[in-house]
Amino acid sequence: MADAPLVGIIMGSQSDWPTLRHAAEMLGKLAIPHETRVVSAHRTPDRLREYADTARERGLRVIIAGAGGAAHLPGMCAAWTALPVLGVPVESHSLKGLDSLLSIVQMPAGVPVGTLAIGRAGAVNAALLAAAILATGDPSLAMRLDALRAAQTLAVPIEPQEPEAETSGAPTSGPHDPA
Ligand code: RP5
């Protein structure tokens, strides 16, 4: 039987998956059990309440919530659970994710959401931050995280390489990938 998920990845729409899948991939690399769900603050408010309200008793320790535009999902999730909620602003078509970022980051005092960068970088870093939170009580995971960081360091070339000569061992594929 698969291990019970420790991290829940929720997203406001199926259209957010190309961004949030990067969080799932990083959790997979670190062998952290996780689950993925489409949960919309606006379109499925009851699903959100049920998800967040039962998250702790189901064994989740951290929630990664990604949404775009009027991105209320992370904040409303944090309203229903005291688990750490990490918000990923999804890049929107009209405002390039600035709307998502501002919707997620400006929480009122008392209901925190740890807000990451817009898009793919934010999704990857949300997974790494979730791993760091879990690693405070899991020495084996702490070692896996250290090993990943060491491999990432080794993969940074001293001199810039021509594109065809590049070999990427780092968890990110490039600074300009907006997804
Ligand atoms: C938000 O609206 C979602 O998180 C998504 O980023 C955005 C657009 O959703 P769709 O219209 O593509 O379903 O709620």
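Refer to the structure above for everything that follows.
All values derive from a computational prediction rather than experimental measurement. (Residues numbered from 1 in each chain as written. Predicted model: local features only at pLDDT ≥ 70, side-chain atom pairs only at ≥ 80, totals over all residues. Heavy atoms only, no water.)

Asks: Provide a residue-level description of the overall build of the chain, including the pertinent values.
Replies: In terms of helices and strands, the chain carries 6 helices and 5 strands. Along the chain, from the amino end to the carboxyl end, the secondary structure elements read β-α-β-α-β-α-β-α-β-α-α. Computed over the C-alpha atoms, the radius of gyration of the chain is 17 Å, within 12% of the 16 Å expected from 2.2 N^0.38 for a compact globule of 179 residues. Along the longest, intermediate and shortest principal axes, the C-alpha atoms of the chain span 50 × 40 × 30 Å. Across the 179 residues of the chain, 41% fall into the buried class. On the chain, roughly 10000 Å² of surface is accessible, and the fraction owed to carbon and sulfur atoms is 57%. (Helix = DSSP H or I, 4+ residues; strand = E, 2+ residues; numbered from the N terminus. Rg over C-alpha atoms; globule rule 2.2 N^0.38 Å. Buried < 20%, exposed > 50% of the residue type's maximum accessible area, 1.4 Å probe, protein only. Areas by Shrake-Rupley, 256 points an atom, 1.4 Å probe, with all protein chains shown as cover.)

Asks: Would you mind going over the environment of Gln-152 in detail, with residue names and values included?
Replies: As for its placement among the helices and strands, Gln-152 is situated in helix H6 (residues 139–154). For the pair Gln-152 and Ile-32, spaced 120 residues apart in the sequence, the C-alpha separation amounts to 19 Å.

Asks: Go over the packing of helix H2 (residues 45–54) against helix H3 (residues 73–80), please, and point to the residues and values.
Replies: Remark: H2 packs on H3, axes separated minimally by 8 Å, with the N-to-C direction vectors making an angle of 50°. One element, H2, and the other, H3, form an angle in the oblique class. Considering the relative orientation of H2 and H3, their crossing is right-handed. Touching Leu-48, Arg-49, Ala-52 and Asp-53 of H2 are Leu-73, Met-76, Cys-77 and Trp-80, all from H3. Within the contact of H2 with H3, the residues separate by chemical class into 6 nonpolar, no polar and 2 charged. (Axes fitted to C-alpha atoms, helices over the stretch in contact; angles between N-to-C directions. Parallel < 35°, antiparallel > 145°, perpendicular 65-115°, else oblique. Left-handed = near helix turned anticlockwise from the far one by under 90°. Contact = heavy atoms within 4.5 Å. Nonpolar A, V, L, I, M, F, W, Y, C, P; charged D, E, K, R; others polar.)

Asks: Explain a nonpolar patch on the surface residue by residue, including any values.
Replies: The grouping of Leu-95, Leu-98, Leu-102 and Val-105 at the surface amounts to a nonpolar patch, some 360 Å² of accessible area in total. One can find Leu-95 in the loop between strand S4 (85–90) and helix H4 (98–105). Look at Leu-95 and you get exposed, because its relative accessible area is 51%. (Patch = residues over 30% accessible without salt bridge, like charges linked within 9 Å, V, L, I, M, F, W, Y side chains within 5 Å. Salt bridge = Lys/Arg side-chain N within 4 Å of Asp/Glu carboxyl O.)

Asks: Quick rundown of the site of the ligand? Include the residues and the values.
Replies: Around the ligand, the neighbouring residues are Gly-12, Ser-13, Ser-15, Asp-16, Arg-43, Ala-67 and Gly-68. At 2.6 Å from an oxygen atom of the ligand is found a side-chain nitrogen or oxygen belonging to Arg-43. Contact with the protein chains removes 65% of the 360 Å² of surface that the ligand exposes when unbound. Residues of the shell around the ligand, tallied by class, amount to 1 nonpolar, 4 polar and 2 charged. (Near = heavy atom within 4 Å. Polar contact = N/O pair within 3.5 Å; in protein donor to acceptor, adjacent residues only side chain to side chain.)

Asks: Residues and numbers for the side chain of Asp-99, please.
Replies: Mapped onto the secondary structure, Asp-99 falls in helix H4. Notably, Asp-99 is buried but unbridged: the nearest opposite-charge side chain belongs to Lys-96, and the N-O separation is 10 Å. Those residues in contact with Asp-99, other than ones at most four positions away along the chain, are Gly-69, Ser-92 and Ser-94. (Lys, Arg positive; Asp, Glu negative; His and termini not counted.)

Asks: Provide a residue-level description of the pattern of salt bridges, including the pertinent values.
Replies: Counted under the stated rule, the structure contains 3 salt bridges. Glu-25 is the salt-bridge partner of Arg-21, the closest N and O atoms lying 2.7 Å from each other. You can see Arg-21 and its partner Glu-25 sitting in helix H1 (residues 17–29), 4 residues apart, about one turn around the helix. On the basis of relative accessible area, Glu-25 is assigned to the partly exposed category, the value being 42%. Across the salt bridge formed by Arg-58 and Glu-35, the nearest N and O atoms sit 3.0 Å from each other. On the criterion of sequence distance, the pair formed by Arg-58 in the loop between H2 and strand S3 (62–68) and Glu-35 in strand S2 (residues 34–38) is long-range, its members being 23 residues apart. On the accessibility criterion, Glu-35 (8% relative accessible area) is buried.

Asks: Go over H4, please, and point to the residues and values.
Replies: For H4, the complete set of buried residues consists of Asp-99, Ser-100 and Ile-104. For H4, the angular spread of the buried residues around the axis is 120°, confining them to a single face. The inward-facing, buried residues of H4 contact S3, H3, S4 and strand S5 (114–115). (Arc of directions from axis to C-beta.)

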